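A look at the structure
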Amino acid sequence: MPESARLSPSTLSAASTPSVDPALQPRLIVTDLDGSLLDHHSYDFSPAAPWLARLKQMGVPVIPVTSKTRAELIPLREALGLTATPFIAENGAVIGLPPGWCHARLDRPGSGRDGVVIKHPGVDIGFIRARLKVWRERLNIRFTRMGELSVPEVMELTGLDAVRARDARQREGSEPLLWHDSEVALASFRAALEGDGLQLTQGGRFWHVMGLSADKGSAVEWLIKRFTALRGRTPISLGLGDGPNDITMLEAVDQAVVIRGCHELAVEPHNASLYRTDATGPTGWAEGVAYWWGRDDRRLATAEKRVAVFSGSSSLSTSL
């Protein structure tokens, strides 16, 4: 069934018997964006475009799981062709459900322009910022919140244009920060945050503060349960990421790919089915998907025969 089809309870029931091979389990992919599906510097995804097209033809959901905000993801999901799949934003603090992933009794209709229903597993951004102010003064520590950076400063740090830099500052359930203090001070800061029900996780560029119950792994587990409830079958899940903040996500899936990063940070998830790529960014992403799913799979072989050449530009630097 094409990814663009709504995964309503009725269609999900029909789709529980795949058209190509009824014996094969349904599948889904959860993926980090920056440094993984998107190039760390240019945000290009063209090396991964053929796989995205194949997966879409097969009806395999590709779910972005990112530190980016919901505002940032609106144009990204359109450029990547992923508007029919859910998303996880702000490292797990925000979950977005398109209509086909909503439950009639549990989810109110989405109020956004795309009808997405938003879940907030963590705590409000106002509480996070208030506690950061308290601990900065009480512990006499040095850091800079993203909310304290100007748009030009965010642009310089991230390589984003002005529009996307403004979108990056629209936080709902997490606060990125730049750390300017010692490792000892960082440990004290982490302990203080945990006392408030908050956690600190490291991304590629920033540290991120969010609620203890809001991380990539918890959000992915929630989405897998939602998929299973709607479709009636537990999917084989594949996760791909390149940073420390991806570890919980990579531990929540059946098969994991650590994409070689453009950094020296340790990424050591506990997953028996783990592959580390030689390539970085979207080339590594394609390498990881091919490693797990590109061999001896009749659905993939069939989809490859049917998929057309991915039309248009696949570079976010030109499409946004």
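In case you missed it, the structure is sitting above this.
Attention here is on the structure that accompanies the text.

What counts, and where the lines are drawn
In this convention, every chain numbers its residues from 1, walking through the sequence in written order. Local features in this predicted model are restricted to residues whose pLDDT is 70 or higher, and side-chain atom pairs enter the listing and the counts only when it is 80 or higher, whereas totals over whole chains, interfaces and linings include all residues. Only hydrogens and water are set aside; all other atoms, that is, all heavy atoms of the structure, feed into the side-chain values. To qualify as a helix, a DSSP run of H or I must reach at least 4 residues; to qualify as a strand, a run of E must reach at least 2; elements of each kind are numbered from the N terminus. Between buried and exposed lies partly exposed: a residue is buried under 20% and exposed over 50% of the maximum accessible area for its type, with that area taken using a 1.4 Å probe on protein chains only. Throughout, a residue-residue contact means that at least one pair of heavy atoms, one from each residue, lies within 4.5 Å. We get accessible surface area from the Shrake-Rupley algorithm with a probe of 1.4 Å; when it comes to residues, only the shown protein chains can shield them. When a carboxyl oxygen of Asp or Glu lies within 4 Å of a side-chain nitrogen of Lys or Arg, that pair is called a salt bridge. Two strands pair under a simple rule: DSSP has to find at least two bridges between them. In this analysis an axis means a line fitted to C-alpha atoms, helices contributing only their contacting stretch, and an angle means the value between N-to-C directions, from 0 to 180 degrees.

What follows deals with the overall build of the chain. Check the secondary structure of the chain and you find 12 helices and 12 strands. Going through the 320 residues of the chain one by one, you find that 53% of them count as buried. At a minimum sequence separation of 6, the contacts of the chain that also span at least 24 residues come to 64%. On the chain, roughly 14,000 Å² of surface is accessible, and the fraction owed to carbon and sulfur atoms is 50%.

Attention shifts here to the pattern of salt bridges. This structure, assessed with the given rule, holds 18 salt bridges. The partner of Glu 148 in a salt bridge is Arg 145, and the shortest N-O contact between them spans 3.6 Å. For Arg 145, a relative accessible area of 15% gives the class buried. In this structure, Asp 161 engages Arg 164 in a salt bridge whose closest nitrogen and oxygen atoms are separated by 3.5 Å. Under the relative-accessibility criterion, Asp 161 is labelled partly exposed at 29%.

Quick look at the sheet that holds strand 5 (residues 117-119) now. With respect to topology, three strands assemble into an open sheet ordered 3-4-5, the strand pairing being antiparallel. At either end of the open sheet lies a strand with only one pairing partner, and these are strand 3 (87-89) and strand 5. Direction aside, neighbouring strands of the sheet carry axes that sit 25° apart on average. Note that strand 4 (residues 94-97) and strand 5 share three bridges and pair antiparallel. Across the sheet, the residue bridging to Leu 97 is Val 117, located in strand 5. Sheet strands touched by helix 3 (residues 70-80): strand 3 and strand 5. Its angle to strand 3, the strand with the most contacts, is close to 145°. Helix 8 (residues 216-231) rests against strand 3, strand 4 and strand 5 of the sheet, and its axis sits at about 25° to strand 4.

Strand order in the open sheet formed by four strands is 6-7-9-8, and the pairing between neighbours is antiparallel. Edge positions in the open sheet fall to strand 6 (143-145) and strand 8 (198-202), since each of these has one partner strand only. The average angle at which neighbouring strand axes cross in this sheet is 30°, direction not considered. Alignment of strand 8 against strand 9 (residues 207-211), held across five bridges, turns out to be antiparallel. When the sheet's bridge partners are listed, Thr 201 is paired in strand 9 with His 208. Lying over the sheet, helix 7 (residues 183-195) contacts strand 6, strand 7 (174-179), strand 8 and strand 9, oriented at roughly 140° with respect to strand 8.

Take it as geometry only, folks, not as evidence of what the structure does.
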